[in-house]
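# Residue-level structural notes
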Amino acid sequence: MARNQLIELATASLSDLMKEHLEHRAEARQDLQLLNAQKMGEHEAEIEKIKNVFFAILRDIKKDMDSGEQPGEVATATMLQTMRDTLAEQQQEPVTMDDVTAVIAGQIGQLLPMDEETTKQFQALAKKMMEQSK
């Protein structure tokens, strides 16, 4: 919007110049056309912002790849393996849904700390989801 306003200011000055100096009319008209072509459309600024955010995300991804960090899928697989190992170590008896939801809550709690009430609610939600998926 500011860019378009600056262009409007410049084109107004060129229009005045064309009126005062007829000998420069052809050159001023070309300059007017060039300046008007530089204006941004209604949604171009938003598209430009989205493009800049997208490229920033791509740069971050590339930086992570170059640094050798594990991608999310591998981290998720590692988390699942840790959960399996935890369940296997803790249990001599068959594993219950409560055991599974406790381990899931514990793993998520490492990434996103939760208070006791939130942990209980999360476990209840996970148990409900498992029951519905049967």
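### Some words on helix 3 (residues 44-67)
Here helix 3 spans 34 Å end to end across 24 residues, near enough to the 34 Å set by a 1.5 Å rise per residue. Among the residues trailing helix 3, Gly68 stands out with phi positive, at a value near 85 degrees.

### Some points on the packing of helix 1 (residues 2-20) against helix 2 (residues 25-37)
Contact geometry for helix 1 and helix 2: axes closest at 9 Å, N-to-C directions at 165 degrees. By the angle between their directions, the pair helix 1 and helix 2 is classed as roughly antiparallel. Here helix 1 and helix 2 pass one another in a crossing that is left-handed. Of the residues in helix 2, those in contact with Ile7, Ala10, Thr11, Leu14, Ser15 and Met18 of helix 1 are Arg25, Ala28, Arg29, Asp31, Leu32, Leu35 and Asn36. For the contact of helix 1 with helix 2, the residue count by class is seven nonpolar, three polar and three charged.

### As for a nonpolar patch on the surface
Judged by side-chain polarity, Val53, Phe54, Phe55, Ile57, Leu58, Ile61 and Met65 come together as a nonpolar surface patch covering roughly 690 Å² of accessible area. Along the chain, Met65 turns up in helix 3.

What counts, and at which threshold
- Residues numbered from 1 in each chain as written.
- Predicted model: local features only at pLDDT ≥ 70, side-chain atom pairs only at ≥ 80, totals over all residues.
- Heavy atoms only, no water.
- Helix = DSSP H or I, 4+ residues; strand = E, 2+ residues; numbered from the N terminus.
- Expected span 1.5 Å × (residues − 1).
- Axes fitted to C-alpha atoms, helices over the stretch in contact; angles between N-to-C directions.
- Parallel < 35°, antiparallel > 145°, perpendicular 65-115°, else oblique.
- Left-handed = near helix turned anticlockwise from the far one by under 90°.
- Contact = heavy atoms within 4.5 Å.
- Nonpolar A, V, L, I, M, F, W, Y, C, P; charged D, E, K, R; others polar.
- Patch = residues over 30% accessible without salt bridge, like charges linked within 9 Å, V, L, I, M, F, W, Y side chains within 5 Å.
- Areas by Shrake-Rupley, 256 points an atom, 1.4 Å probe, with all protein chains shown as cover.
- Salt bridge = Lys/Arg side-chain N within 4 Å of Asp/Glu carboxyl O.

Geometric values such as these leave the question of function open.
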